[in-house]
Amino acid sequence: MKSDIHPNYRPVVFRDAGADFAFLTKSTIETSDTIEWSDGNTYPLANVELSSASHPFYTGQMKIVDTAGRVERFERRYGQRKRRR
């Protein structure tokens, strides 16, 4: 292999702050934050928005995320949705 062309592959902690969940794995992600892990070592920290602890597919709890009123804008444009009985 050529030297100095491959990214640094090292242990990194990924933390999902919304679910208070973190895991240690190896990655090439660049980050300036660090965290002390349960083994007493300090590792680079990467904050993520979603993980298996907070994703609706894995938790079974579906949440409708309406950013910038997309549902309301759709209903204004095309009318109210019809309810099925």
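Residues numbered from 1 in each chain as written. Predicted model: local features only at pLDDT ≥ 70, side-chain atom pairs only at ≥ 80, totals over all residues. Heavy atoms only, no water.

Undergrad: Outline a positive patch on the surface, listing residues and values.
TA: Together, Arg70, Arg73, Arg76 and Arg77 make up a positively charged patch on the protein surface. Its location among the elements puts arginine 76 in helix α2 (residues 70-78). (Patch = residues over 30% accessible without salt bridge, like charges linked within 9 Å, V, L, I, M, F, W, Y side chains within 5 Å. Areas by Shrake-Rupley, 256 points an atom, 1.4 Å probe, with all protein chains shown as cover. Salt bridge = Lys/Arg side-chain N within 4 Å of Asp/Glu carboxyl O. Lys, Arg positive; Asp, Glu negative; His and termini not counted. Charge placed at Lys NZ, Arg CZ, Asp CG, Glu CD. Helix = DSSP H or I, 4+ residues; strand = E, 2+ residues; numbered from the N terminus.)

Undergrad: Mind laying out the pairing of strand β1 (residues 10-16), listing which residues take part and the relevant values?
TA: Within β1, five of the seven residues are buried, which leaves it mostly tucked inside the rest of the structure. In this structure, β1 lies alongside strand β2 (residues 21-27), joined through seven bridges in antiparallel fashion. The partner of phenylalanine 14 across the bridge, within β2, is phenylalanine 23. (Buried < 20%, exposed > 50% of the residue type's maximum accessible area, 1.4 Å probe, protein only. Pairing = 2+ DSSP bridges.)

Undergrad: So what's going on with the sheet that holds strand β3 (residues 34-36)? Which residues, and what values?
TA: The mixed open sheet is built from four strands, whose spatial order is β2-β1-β4-β3. One side of each edge strand has no neighbouring strand; the edge strands of this open sheet are β2 and β3. Strand-to-strand twist in this sheet, taken as the mean axis angle between neighbours without regard to direction, amounts to 45 degrees. As defined by bridge partners, β3 adjoins strand β4 (residues 42-48) across three bridges and the pair is classed as antiparallel. In the strand pairing of β4, isoleucine 35 is matched with tyrosine 43. (Axes fitted to C-alpha atoms, helices over the stretch in contact; angles between N-to-C directions.)

All we've got here are geometric facts, nothing functional implied.
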